[in-house]
Amino acid sequence: MTREEYFKTDAVSRSALVAFVEHPSFFLSKGYEKESRALIFGDAFDCLMFDGKKVLEDRFRFSSIVLPYSDNTNAGKFTDELIRICKENPEQFQKVQANNKIEDDLIGVAMEAADINVKSQEKTLQQFNDANAVQYVIDMIDPMCLKSKESILLNSMRESLLMSRYAHLFQTYPDGTNHIIDNHMEHFHQVVVLFDHPLTGIKLKVMLDIVSVDHSRKRIYKVDLKTTSNANPQYSLFEYRYDIQAGLYSMGIEKWRDDNFPGYDCSTGFEFLFVHKSTPSIEPIKVIMSQNDVDTIISGTPKKYGQYIKNIHTMLSDLKWHMDNDEWSYPKDFILNQGYVAKIYEV
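Only a predicted model underlies this, so the values are computations on that prediction, with no experimental measurement involved.

(A) Up close: the environment of I335. Mapped onto the elements of the fold, I335 is located in helix α18 (residues 332–337). Residue classification places I335 among the partly exposed positions, given a relative accessible area of 27%. Once residues within four sequence positions are removed from consideration, I335 is found in contact with W321, E327 and Y330.

Given below as structure tokens:
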């Protein structure tokens, strides 16, 4: 199964479950499927790592424009809304492309869609213009290019160089080498597993970056590669709910093992390899979730920053309730209790 087929498959992914945990309406709206620049970069990096530079160049094209702001800034939100509006309205895009500028009426619509208050709009537009972001918008949706390219990346020099550095670091780092080119093991990349949740029957899907099989020991190792802008990978682990990923992927790899290598065992815990975006010259950092932590997030009583949170089985049980009742306005607990029951101190 290709990446494209994976994303089109109607099943619950880690991103979908994380969105549901944040709020049921986020799951229903499928906002988690939005292709941010960070996700495009991650997709391209995986392509470079596992398919090679030629496939990368066949699938992606690069814009010469460097946006000096991120997705979550006002300028980033404004830019993304412009792209969305132009994609949905070809006539608007043709005007932008012909005049190489954004007309005032389109600016107003995009500002409102991005929920940027009036006081901030002048500064936002100045940042957009200073970055020559109108050319970036044109690059992002040029239909002639999209006929043969799936996605568009920023800045061919900077981001291409960063991806190459990341790939080199992972491929030469001892723990990375063991799971990428070690000839003593059989390696599988971008492993897709579809399976049913045993308690609810909900269809789940996972895609593991690296699965390494040591036939001499009859053991299967699973590894996920991450890029992070935070100096503390443990912060990223919980902030972006990679703990949920570790739990779901561990459940999935057992199904994959049973289908492909019955009688083998899986390595304990779950291993992440992080590389820092701002300092790609330092070696990756290995972060291992212990087997106890993986078991806890699947079926135990986990805590996040000292507060009790739900495990994966309970999350999926709640999701099944929402699906059966077609109720997405508030979380199940809020609806059944007619409000939240606070659990601040629990013995």
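(B) The packing of aromatic side chains, seen in detail. In the structure shown here, the tally under the stated rule is 14 aromatic pairs. Judged by centre distance (6.1 Å) and plane angle (70°), the rings of Y249 and F270 are edge-to-face. A residue pair is termed long-range when its members are at least 10 positions apart, and Y249 in helix α15 (residues 242–260) and F270 in strand β7 (residues 270–276) qualify at 21 residues. The two residues Y249 and F270 agree in class, both being buried.

(C) Structural view of unusual backbone geometry. The phi dihedral of N100 falls on the positive side, at around 55°, and the residue is not glycine. In this model, D115 sits at a positive phi of 60°, which is unusual for a non-glycine residue. Classification of D115 as exposed rests on a relative accessible area of 70%.

(D) Region of the structure containing the pairing of β7. Most of β7 is tucked away, with 7 of its 7 residues classed as buried. Alternating residues of β7 divide into F270, F272, F274 and H276 and E271, L273 and V275, and every residue in both groups is buried. Of the pairings in the sheet, the one linking β7 to strand β8 (residues 285–289) comprises 5 bridges and is antiparallel in character. Across the sheet, F272 pairs through a bridge with V287, a residue of β8.

(E) Examining the nonpolar core more closely. Of all hydrophobic cores here, the largest spans 41 residues; its most connected members are L17, L208, I220, L248, W256, F272 and I312. Looking at this core, the elements with two or more residues in it are α2 (14–22), β3 (186–196), β4 (203–214), α15, β7, β8, α16 (291–299) and α17 (312–325). In terms of residue count, α15 provides more of this core than any other element does, 8 residues in total. When neighbours within four sequence positions are excluded, L208 is seen to be in contact with H189, Q190, V191, V193, K222, Y249, I253 and F270. Ranked by size, the runner-up nonpolar core spans 27 residues in total, among them Y69, I83, C86 and F93.

(F) Representation of helix α6 (residues 74–88). Taking 1.5 Å of rise per residue, the 15 residues of α6 would be expected to cover 21 Å, and the 21 Å separating its terminal C-alpha atoms lies within 8% of that figure. Along α6, the residues that are buried comprise A75, G76, F78, T79, D80, E81, L82, I83, I85 and C86.

(G) Spatial organisation of the side chain of D214. Checked against the element boundaries, D214 lands in strand β4. Side chain to side chain, D214 and S216 meet in a polar contact 2.5 Å long. With residues up to four places along the chain from it excluded, the contact list for D214 reads H184, M185, R219, Y221 and Y264.

(H) Examining the side chain of D243 more closely. With respect to the helices, strands and loops of the structure, D243 is situated in helix α15. At 2.9 Å, the side chain of D243 forms a polar contact with the side chain of R241. Residue contacts for D243: discarding those within four places in its chain leaves L237, F238, M289 and I297.

(I) Focus on the confidence of the model for the protein chain. When pLDDT is averaged along the protein chain, the result is 82, and 77% of the positions lie at 70 or above. The weakest mean pLDDT in the protein chain belongs to helix α11 (residues 143–146) at 46; the strongest belongs to α17 at 96. Of the regions scoring below 50 in pLDDT, residues 151–157 engages in 34 contacts with residues more than four places distant in sequence or in other chains.

(J) Just the packing of α15 against α16, in detail. Close contact between α15 and α16 brings their axes to 9 Å; oriented N to C, the two are set at 90°. Between α15 and α16, the crossing angle belongs to the class labelled roughly perpendicular. For the pair formed by α15 and α16, the contact residues are D243, I244, A246, G247, S250 and M251 on the first element and V294, I297 and I298 on the second. Residue classes in the contact of α15 with α16 are distributed as 6 nonpolar, 2 polar and 1 charged.

(K) Summary view of the pattern of salt bridges. Throughout the structure, instances matching the rule amount to 13 salt bridges. Across the pair D196 and K203 runs a salt bridge whose closest N-O atoms are separated by 3.6 Å. By relative accessible area, D196 is classed as partly exposed at 44%. The salt bridge involving K320 is made with D324; its shortest N-O contact spans 2.9 Å. Within this pair, K320 and its partner D324 are both found in helix α17, separated by 4 residues, close to a single helical turn. One salt-bridge network, held together by shared partners, links K310, D318, K332 and D333.

Calculation notes
- Residues numbered from 1 in each chain as written.
- Predicted model: local features only at pLDDT ≥ 70, side-chain atom pairs only at ≥ 80, totals over all residues.
- Heavy atoms only, no water.
- Helix = DSSP H or I, 4+ residues; strand = E, 2+ residues; numbered from the N terminus.
- Buried < 20%, exposed > 50% of the residue type's maximum accessible area, 1.4 Å probe, protein only.
- Contact = heavy atoms within 4.5 Å.
- Phe/Tyr/Trp six-rings, centres within 6.5 Å; stacked < 30°, edge-to-face > 60°.
- Pairing = 2+ DSSP bridges.
- Core = buried A, V, L, I, M, F, W, Y, C linked by side-chain atoms within 4.5 Å.
- Expected span 1.5 Å × (residues − 1).
- Polar contact = N/O pair within 3.5 Å; in protein donor to acceptor, adjacent residues only side chain to side chain.
- pLDDT = per-residue confidence, 0-100.
- Axes fitted to C-alpha atoms, helices over the stretch in contact; angles between N-to-C directions.
- Parallel < 35°, antiparallel > 145°, perpendicular 65-115°, else oblique.
- Nonpolar A, V, L, I, M, F, W, Y, C, P; charged D, E, K, R; others polar.
- Salt bridge = Lys/Arg side-chain N within 4 Å of Asp/Glu carboxyl O.

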